[in-house]
Structure formats: structure tokens, C-alpha cells
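Descriptive analysis of the structure
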Amino acid sequence: MELLQLKYFCDAAETENFSKTAEKYLVPTSNISQSIKRLEKELDTELFEHRANRIRLNEDGRQFYSDVSKALILLENAKSRIVELGEDLQ
């Protein structure tokens, strides 16, 4: 699992759209789709239900999103604290 892959997953879960996630990260939609497929393979479970031009989290996806979104917030907070500490030392 990679950090960027988890960010893609969370954004796709929130927007319910791989294309919007791709636009946000300035990558082709296929990159998002492939990244999610690799994540699902690693977890040995599907995370999304696919319907026409829309995706939606399934039960496994909702649980994973809940945990991953919290972890990403913790990582961002840790990064902010380190940056602030560095600024205080200057």
C-alpha cells in the first residue's frame, strides 16, 4: 500500500467518480482505476460497486475508508507539527 494510492482511494470514495479524482491529481483516469485495482488485489476484496459511470463504496470499502481517512488525517497532523517545530527553531 502506498500513501498516494490511499489518497486516490479516499478521494474516489468521496467523489464517487474516478474521473474527478484523476482531474484533481492531474493524472489519467486509468491511473486511478489501476491504482484502486492494485489496492483491491492487495486487500483481496473489492471496495467499490461499479454502476454505469458511477462508483459507490461497498461495505468493505466503507469500513476501509473510515480507517484510512482517519489515518491520513493523523499523518497530515504529524506533518504539520514537524513543520511548525522546524519553523520554531529558525
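Check the entry above for the structure.
Residues numbered from 1 in each chain as written. Predicted model: local features only at pLDDT ≥ 70, side-chain atom pairs only at ≥ 80, totals over all residues. Heavy atoms only, no water.

Under the counting rule described, the total for this entry stands at five salt bridges. Here Lys24 and Asp11 are joined by a salt bridge, their closest N and O atoms 2.9 Å apart. A residue pair is termed long-range when its members are at least 10 positions apart, and Lys24 in helix H2 (residues 18-25) and Asp11 in helix H1 (residues 3-15) qualify at 13 residues. With relative accessibility at 54%, the residue Lys24 sits in the exposed group. Classification of Asp11 by relative accessible area gives buried; the value is 6%. Where salt bridges share partners, they join Glu16, Arg54 and Arg56 into one cluster. (Salt bridge = Lys/Arg side-chain N within 4 Å of Asp/Glu carboxyl O. Helix = DSSP H or I, 4+ residues; strand = E, 2+ residues; numbered from the N terminus. Buried < 20%, exposed > 50% of the residue type's maximum accessible area, 1.4 Å probe, protein only.)

With their axes 8 Å apart at the nearest point, H1 and H2 run at an angle of 130 degrees to one another. When the axis of H1 is compared with that of H2, the two are oblique. For the crossing formed where H1 meets H2, the hand is right-handed. Only Phe18, Lys20, Thr21, Lys24 and Tyr25 of H2 make contact with H1, whose side of the interface consists of Leu4, Lys7, Tyr8, Asp11, Ala12 and Thr15. Considering only residue class, the contact of H1 with H2 consists of five nonpolar, two polar and four charged. (Axes fitted to C-alpha atoms, helices over the stretch in contact; angles between N-to-C directions. Parallel < 35°, antiparallel > 145°, perpendicular 65-115°, else oblique. Left-handed = near helix turned anticlockwise from the far one by under 90°. Contact = heavy atoms within 4.5 Å. Nonpolar A, V, L, I, M, F, W, Y, C, P; charged D, E, K, R; others polar.)

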